Amino acid sequence: ILVSREKHYQALIKLCAANENTPRDHPLQWEALADFTNDSEQALEIYQKGLACADKFKLDNASASIYLAMANRYKEMAAIAKAREMADQANNLIDNVTIDELKKEIRELMNELNQQ
């Protein structure tokens, strides 16, 4: 299973690199790559690429999702202030989010972080 995971991870890296700054670039590919990146600092850098892409294409669902993922990553790192900051960014987009499950996840994380 680890060999397969690494093989797919490397393929995703190649896909992102090939599509970067082309019409095929998309924030979802960056978010997926960051999600599967074990090193949190590296993952956060990849999420930033996804945010830039989402901003370029004005994709609020993607931006909110990436901010949520970053908030969760910071929470895992016990960087609660940064987690709140990213969750706030996601929450700022919530009125433009069209995916109910994403809205729910943002609200749940905001509530959880506000209790810490």
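Residues numbered from 1 in each chain as written. Predicted model: local features only at pLDDT ≥ 70, side-chain atom pairs only at ≥ 80, totals over all residues. Heavy atoms only, no water.

## Observations regarding the packing of aromatic side chains
For the structure shown, the criterion picks out zero aromatic pairs. A cation over an aromatic ring shows up here: Arg5 above the ring of Tyr9, its NZ or CZ 5.8 Å from the ring centre. (Phe/Tyr/Trp six-rings, centres within 6.5 Å; stacked < 30°, edge-to-face > 60°. Lys NZ or Arg CZ within 6 Å of the ring centre and 35° of its normal.)

## Quick look at helix α4 (residues 60-76)
In a regular helix each residue adds 1.5 Å, so 17 residues correspond to 24 Å; α4 covers 24 Å between its end C-alpha atoms and thus fits that length. Burial within α4 is extensive, with twelve of its 17 residues counted as buried. For α4, the set of buried residues is Ala62, Ser63, Ala64, Ser65, Ile66, Tyr67, Leu68, Ala69, Met70, Ala71, Arg73 and Tyr74. In this structure, the buried side of α4 is in contact with α2 (27-35), α3 (40-56), α5 (80-92) and α6 (100-114). Remark: Ala78 follows α4 within two positions and exhibits a positive phi of approximately 65°. (Helix = DSSP H or I, 4+ residues; strand = E, 2+ residues; numbered from the N terminus. Expected span 1.5 Å × (residues − 1). Buried < 20%, exposed > 50% of the residue type's maximum accessible area, 1.4 Å probe, protein only. Contact = heavy atoms within 4.5 Å.)

## A closer look at the packing of α2 against α4
In contact at an axis separation of 10 Å, α2 and α4 are set at 10° when each is read in the N-to-C sense. One way to sum up the angle between α2 and α4 is to call them roughly parallel. Crossing angle aside, the handedness with which α2 passes α4 is left-handed. Every residue of α4 that contacts α2 at Pro27, Glu31, Ala34 and Asp35 is listed here: Ala62, Ser65, Ile66, Ala69 and Arg73. In the contact of α2 with α4, the residues fall into five nonpolar, one polar and three charged. (Axes fitted to C-alpha atoms, helices over the stretch in contact; angles between N-to-C directions. Parallel < 35°, antiparallel > 145°, perpendicular 65-115°, else oblique. Left-handed = near helix turned anticlockwise from the far one by under 90°. Nonpolar A, V, L, I, M, F, W, Y, C, P; charged D, E, K, R; others polar.)

## Concerning the packing of α5 against α6
Orientation of α5 relative to α6, taken along the N-to-C sense of each, is 145°, at an axis distance of 10 Å. The way α5 lies across α6 gives a crossing that is left-handed. For the pair α5 and α6, the contacting residues are Ile80, Ala83, Arg84, Ala87, Asp88, Ala90 and Asn91 in the first and Ile106, Leu109, Met110, Leu113 and Asn114 in the second.

## Description of unusual backbone geometry
Look at Lys58: it is not a glycine, yet its phi comes out positive at around 55°. Position of Lys58 relative to the elements: it lies in the loop between α3 and α4. Even without a glycine there, the phi angle at Ala78 is positive, about 65°. Mapped onto the elements, Ala78 comes out in the loop between α4 and α5.

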